[in-house]
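# A structural walkthrough
If you want the building blocks of each chain, they are given just below.
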Amino acid sequence: MAISSGFPPLLKIGVFPCAVEARLRTTFDLVDLHELDDTADQRARIQGIVTRSNYRIPVELLERLPNLRIICTNGVGYDGIPLSYARNRGIVVTNTPDVLNKAVAELAVGLVLALLRNISQADQFVRTGAWQAGTFPLGLNLAGKKVGMVGLGRIGKEIVARLLPFEATIAYSGRQRQDVEWPYFNDLGALAAHVDILIVCCPGGQATYQIIDAQVLDALGPTGILVNIARGSVVNQVDLVNALVNKTILGAALDVFEEEPLADSPLSRLNNVVLTPHMGSATHETRMAMAELAIKNLTDFFETGQAATPVAQ
Ligand code: NAP
């Protein structure tokens with residue numbers, strides 16, 4: 001452990017890009033989860049956790065940290081953090097909203113284009129020499145497609161801003177209608193039936209658990225495609241595989257999965273899918289911006305008791 005920042009040591013949960021971890025270590029002494037020993041003395045020194053939004057934090061771990069005051073996640077989703085437990089103990093939870101919107105939106109648009117134009121297969125077609133023997137199958141335009149946003153929040157709006165210049169038209173769902181010009185659907189099935197492309201960008205967690213199921217996929221129909229950059233928990237993965245195998249939808253592009261990393265899965269054997277390893281925010285610029293905001297949350301909190309971007313608890 002590096003000595004000594006003046007701030008209490010932080011428990012680090014998860015693997016961070018090297019540059020991000022190095023930046024964190026310029027300001028904080030970090031204790032890796034595997035270094036957390038069973039001495040009450042060491043556990044009592046931990047007042048903060050720094051983590052990433054794709055790690056789950058079990059209540060049992062928090063119970064071993066009697067003086068924990070803040071859980072700071074690098075990421076906007078916080079469905080892996082036991083919020084009500086934290087609230088009851090007065091533990092502040094912070095995330096890093098907004099600074100990652102552009103990177104996630106860029107990936108979402110990239111996934112849409114990769115799927116419509118079969119870019120992964122086209123790359124293989126050239127590399128393997130298949131081009132010598134024939135022509136590549138036709139793809140589909142993005143221009144003129146109807147896109148349904150499942151969740152029109154910070155990231156959803158950035159995706160829309162990038163889709164409009166491609167001449168796509170927009171509709172959206174969410175718990176409530178917003179003051180925007182695009183048609184609102186309070187029923188997910190009706191939204192799916194209305195559009196060609198469904199992009200999932202709502203939060204994970206209990207309220208959205210498997211809201212994209214066989215019924216919604218049926219409504220999307222055999223020419224429809226699903227893009228999920230939100231959380232794997234939002235989509236019933238068994239229903240999705242069935243829809244892809246039976247071609248009751250045309251294709252899917254997925255950055256997030258029920259279990260991550262994705263192990264052996266029928267999804268990996270289907271050619272009407274594009275798969276990426278939960279990398280929505282994974283650019284140098286964005287991960288550093290997330291780290292800076294996480295550090296601001298922690299330093300503000302330890303210095304003033306007030307974090308910059310706490311989540312509503
Ligand atoms: P946000 O600003 O809070 O927007 C979330 C949107 O989802 C809101 O428009 C909200 O509208 C809607 N929503 C909330 N609960 C819903 C429900 N029960 N049913 C349907 N819609 C619901 O969040 P954000 O910053 O855009 O981030 C969205 C999510 O993207 C995050 O929670 C995270 O899981 C995911 N994400 C993924 C990556 C990646 O690497 N792939 C990176 C960053 C974020 P209403 O309030 O009207 O319902």
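Residues numbered from 1 in each chain as written. Predicted model: local features only at pLDDT ≥ 70, side-chain atom pairs only at ≥ 80, totals over all residues. Heavy atoms only, no water.

### Examining the overall build of the protein
The criterion, for reference: Counting from the N terminus, the helices are the DSSP runs of H or I reaching at least four residues and the strands are the DSSP runs of E reaching at least two. We take the radius of gyration over the C-alpha atoms and set the globule estimate at 2.2 Å times the residue count to the 0.38 power. Each residue is placed in one exposure class: buried if its accessible area under a 1.4 Å probe, protein chains only, is under 20% of its type's maximum, exposed if it is over 50%, and partly exposed if it falls in between. Note on contacts: a residue pair is in contact if any heavy atoms of the two residues lie within 4.5 Å. Values of accessible area rely on a 1.4 Å probe in the Shrake-Rupley scheme; residue burial ignores everything except the protein chains shown. Just so you know, the count uses Lys and Arg for positive and Asp and Glu for negative, and it drops His and the chain ends. Where a charge lies is defined by one atom per residue type, namely NZ (Lys), CZ (Arg), CG (Asp) and CD (Glu).
The helix and strand tally for the protein stands at 11 helices and 12 strands. Taking 313 residues into account, the globule formula puts the C-alpha radius of gyration at 20 Å, and the protein, at 21 Å, falls close to it. Projected onto its principal axes, the C-alpha positions of the protein cover 65 × 50 × 35 Å. In the protein, which comprises 313 residues, the share counted as buried stands at 50%. Look at the contacts in the protein between residues 6 or more apart in sequence, and 58% of them connect residues 24 or more apart. As displayed, the protein offers around 15,100 Å² of accessible surface, 53% of which is attributable to carbon and sulfur atoms. Charge separation in the protein, taken as the distance between the mean sites of 26 positive and 31 negative side-chain charges, equals 2 Å.

### A closer look at the sheet that holds strand 2 (residues 30-32)
Counted only if it meets this: Following DSSP output, two strands are said to pair if at least two bridges run between them. With axes taken as lines fitted to C-alpha atoms, and helix axes fitted only over the stretch in contact, angles between N-to-C directions fall between 0 and 180 degrees.
With parallel pairing, 5 strands are arranged side by side in an open sheet as 2-1-3-4-5. Pairing within the sheet leaves two strands with one partner each, and these edge strands are strand 2 and strand 5 (92-94). Taken pair by pair, the neighbouring strands of this sheet meet at an average axis angle of 25 degrees, ignoring direction. Where strand 1 (residues 10-13) and strand 2 come together, 3 bridges link them in parallel fashion. Bridging from a neighbouring strand, Leu11 pairs with Val31 of strand 2. Packing of helix 11 (residues 284-304) onto the sheet brings it into contact with strand 1, strand 3 (48-52), strand 4 (70-74) and strand 5, and relative to strand 4 it is tilted by some 170 degrees.

### Brief notes about the site of the ligand
Condition: In these notes, residues near a molecule or strand are those with any non-hydrogen atom within 4 Å of it. What qualifies as a polar contact is a pair of N or O atoms within 3.5 Å, subject to a donor-acceptor requirement within protein and to the restriction that residues adjacent in sequence count only when both atoms come from side chains. Any residue that is not Ala, Val, Leu, Ile, Met, Phe, Trp, Tyr, Cys, Pro, Asp, Glu, Lys or Arg is counted as polar, Gly included; the first ten are nonpolar and the last four charged.
In the vicinity of the ligand there are 26 residues, among which Arg154, Ile155, Arg175, Ile229 and Asp255 approach most closely. Contact between the ligand and Arg175: an oxygen atom at 2.7 Å from a main-chain N or O atom of the residue. When the ligand is considered free in solution it has 930 Å² of accessible area, and contact with the protein chains removes 86% of it. For the shell around the ligand, the per-class residue count stands at 12 nonpolar, 10 polar and 4 charged.

### A closer look at the packing of helix 1 (residues 18-27) against helix 11
Here is the rule we go by: Reported orientations rely on four angle classes, namely roughly parallel under 35 degrees, roughly antiparallel over 145, roughly perpendicular from 65 to 115, and oblique for the rest. The crossing is said to be left-handed when, going from far helix to near helix, the turn is anticlockwise and less than a right angle, and right-handed when the turn is clockwise.
Two elements in contact, helix 1 and helix 11, have axes whose closest approach is 10 Å; the angle formed by their N-to-C orientations is 25 degrees. Regarding the angle of helix 1 to helix 11, the classification is roughly parallel. Here helix 1 runs over helix 11; the crossing is right-handed. Touching Ala19, Val20, Arg23, Leu24 and Thr27 of helix 1 are Arg287, Met288, Ala291, Glu292, Ile295 and Thr299, all from helix 11. Its residues placed into classes, the contact of helix 1 with helix 11 shows 6 nonpolar, 2 polar and 3 charged.

### Notes on the nonpolar core
Just so we agree on the cut-off: Among the buried residues, those of types Ala, Val, Leu, Ile, Met, Phe, Trp, Tyr and Cys that are joined through side-chain atoms within 4.5 Å form a nonpolar core.
If you look at the biggest cluster of nonpolar residues, it comprises 33 residues, and the most contacted ones within it are Met149, Ile159, Leu163, Ile197, Ile199 and Ile229. Elements with a minimum of two residues in this core: helix 5 (101-116), strand 6 (146-150), helix 7 (154-163), strand 7 (169-173), strand 9 (197-200) and strand 10 (225-228). For this core, the element with the most residues is helix 5, which contributes 10 residues. The contact partners of Ile197, leaving out residues within four places of it in the chain, are Val112, Leu116, Leu142, Lys145, Lys146, Val147, Gly148, Ile225 and Val227.

### Side note on the UniProt feature "domain: D-isomer specific 2-hydroxyacid dehydrogenase NAD-binding" (unreviewed entry) in the protein
Selection criterion: UniProt positions are given in the numbering used here, feature names are shortened, and annotations may be inferred rather than shown by experiment.
Taken from the UniProt record, the annotation "domain: D-isomer specific 2-hydroxyacid dehydrogenase NAD-binding" (unreviewed entry) applies to residues 109-280. For residues 109-280, the helix share is 29%, the strand share is 16%, and the end-to-end C-alpha distance is 11 Å.

### Examining the pairing of strand 1
If a strand is regular, its side chains alternate between the two faces of the sheet. Note the cut-off: We call a crossover right-handed when, viewed with the strands running away from us, the connection from the first strand over the helix to the second turns clockwise.
Burial along strand 1 is two-sided: Leu10 and Lys12 facing one way and Leu11 and Ile13 facing the other are all buried. Between the parallel elements strand 1 and strand 2, the chain passes through helix 1 in a crossover that is right-handed. Bridge count between strand 1 and strand 3: 4 bridges; the pairing is parallel. Of the residues in strand 3, the one forming a bridge with Leu10 is Gly48.

### Examining unusual backbone geometry
Cis geometry is adopted by the peptide bond preceding Pro261, which originates at Glu260 and carries an omega value of -5 degrees. Mapping Pro261 onto the fold places it in the loop between strand 11 (251-254) and strand 12 (273-275). Of note, the phi angle at Asn118 is positive, near 50 degrees, even though the residue is not glycine. Within the secondary structure, Asn118 sits in the loop between helix 5 and helix 6 (119-127).

### Focus on the domain arrangement of the protein
In plain terms, the rule: Boundaries between domains were set according to an automatic or database domain assignment. Throughout, buried area stands for the accessible area (probe radius 1.4 Å) lost by two parts on being put together, summed over both. A pairing counts as a salt bridge when a side-chain nitrogen of Lys or Arg comes within 4 Å of a carboxyl oxygen of Asp or Glu.
In terms of domains, the protein is made up of domain 1 (10-97 + 283-304) and domain 2 (101-275). Placing a centre on the C-alpha atoms of domain 1 and another on those of domain 2 gives a separation of 32 Å. Across the interface of domain 1 and domain 2, roughly 520 Å² is buried in total on both sides, 52% from carbon and sulfur atoms. Joining domain 1 to domain 2, the criterion identifies 1 salt bridge. Residue Arg231 pairs with Asp79 through a salt bridge whose shortest N-O separation is 3.1 Å. Remark: the boundary between domain 1 and domain 2 carries 2 residue pairs in polar contact (both at pLDDT 80 or more). A breakdown of the residues in the side of domain 1 that touches domain 2 according to their chemical character gives 2 nonpolar, 5 polar and 1 charged.

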